[in-house]
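Coordinates in review
This is what each chain is made of:
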Amino acid sequence: MRCPLRVMIYDGMGYLKECQEITRPSQEDERPYDTGGISLRTAQEDRLHPIITIVIYYSEKPWDGPLSLKDMVMDMPPELERVFSDYKINLLQAAKK
């Protein structure tokens with residue numbers, strides 16, 4: 001799996017986990033939620049912590065992989081590019097020459 005897609009999935013799973021934790025009922029909170037799927041109901045004031053993933057690349061060769069999801073998809077017409085949700089990675093090259 002190419003790096004932007006993998007990072008996007010890991011970040012998404014992290015947000016999903018936190019969202020599930022926020023929506024767990026307790027004795028004090030009778031808030032309804034749905035654990036049967038991805039659709040989770042949260043209160044309007046609920047906020048997630050930001051997830052910042054840094055990819056550390058340590059090779060003598062320079063990075064030649066994609067830096068965003070857009071780099072991985074086929075060419076799109078401009079009208080699709082405007083609505084496409086790109087996902088960029090934070091890349092740290094430890095041995096860039």
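Above: the structure in question.
First things first, this report covers the structure right here in the doc.

**A closer look at the overall build of the protein**
Each helix and strand counted, the protein has two helices and two strands in total. Scanning the protein from its N terminus toward the C terminus, one meets helices and strands in the order α-β-α-β. Relative to its 97 residues, the protein shows a buried fraction of 19%. Within the protein, counting contacts between residues at least 6 apart in sequence, those at least 24 apart form 61% of the total. Here the protein has roughly 7,900 Å² of accessible surface; of this, 55% comes from carbon and sulfur atoms.

**Here's the deal with the packing of aromatic side chains**
One pass over the full model with this rule turns up one aromatic pair. Note on Tyr57 and Trp63: the rings are 5.1 Å apart at their centroids and 85° apart in plane angle, and the pair reads as edge-to-face.

**With respect to the pattern of salt bridges**
Under the definition given, this model contains two salt bridges. For Glu21, the salt bridge identified is with Lys17, shortest N-O distance 3.4 Å. Placement of both Glu21 and Lys17 in helix α1 (residues 3–22) is noted, with a separation of four residues, approximately one turn of the helix. When its relative accessible area of 39% is taken as the criterion, Glu21 is described as partly exposed. Its salt-bridge partner being Glu81, residue Lys70 comes within 2.9 Å of it at the nearest N-O pair. With Lys70 in the loop between β1 (54–57) and α2 (78–81) and Glu81 in helix α2, the pair connects residues that are eleven residues apart, well separated along the chain.

**Thoughts on the side chain of Asp11**
Mapping Asp11 onto the fold places it in helix α1. An unpaired buried charge is present at Asp11: no salt bridge exists, and Arg6, the closest side chain of opposite charge, is 11 Å distant. Contacts of Asp11, omitting those with residues within four sequence positions, involve Ile51, Thr53 and Tyr87.

**Concerning α1**
With 20 residues, α1 extends 29 Å from end C-alpha to end C-alpha; this agrees with the ideal 28 Å at 1.5 Å per step. Within the sequence span of α1, burial applies to Cys3, Pro4, Val7, Asp11, Leu16, Glu18 and Cys19. Buried residues belonging to α1 abut β1.

Criteria and thresholds
- Each chain carries its own residue numbering, running from 1 in the written order of its sequence.
- Local features are withheld for residues below a pLDDT of 70 in this predicted model, meaning they are given only at 70 or higher, and side-chain atom pairs are given and counted only at 80 or more; totals for whole chains, interfaces and linings count all residues.
- Just so you know, side-chain values use all the structure's heavy atoms and leave hydrogens and water out.
- Counting from the N terminus, the helices are DSSP H or I runs at least four residues long and the strands are E runs at least two residues long.
- Working definition: with a 1.4 Å probe on protein chains only, accessible area under 20% of the residue-type maximum means buried, over 50% means exposed, and in between means partly exposed.
- Contact definition: two residues touch when any of their heavy atoms are within 4.5 Å.
- Residue exposure ignores everything except the shown protein chains as possible cover, and the areas themselves are Shrake-Rupley values with a 1.4 Å probe.
- Two aromatic rings, drawn from Phe, Tyr or Trp (for Trp, its six-membered ring), form a pair once their centres lie within 6.5 Å of each other, and the interplanar angle then sorts them: stacked below 30 degrees, edge-to-face above 60, tilted otherwise.
- Put simply, a salt bridge is a Lys or Arg side-chain nitrogen that is within 4 Å of an Asp or Glu carboxyl oxygen.
- Under this rule, positive means Lys or Arg and negative means Asp or Glu; His and the chain ends count for nothing.
- By definition here, a helix of n residues has an expected span of 1.5 Å times n minus one.

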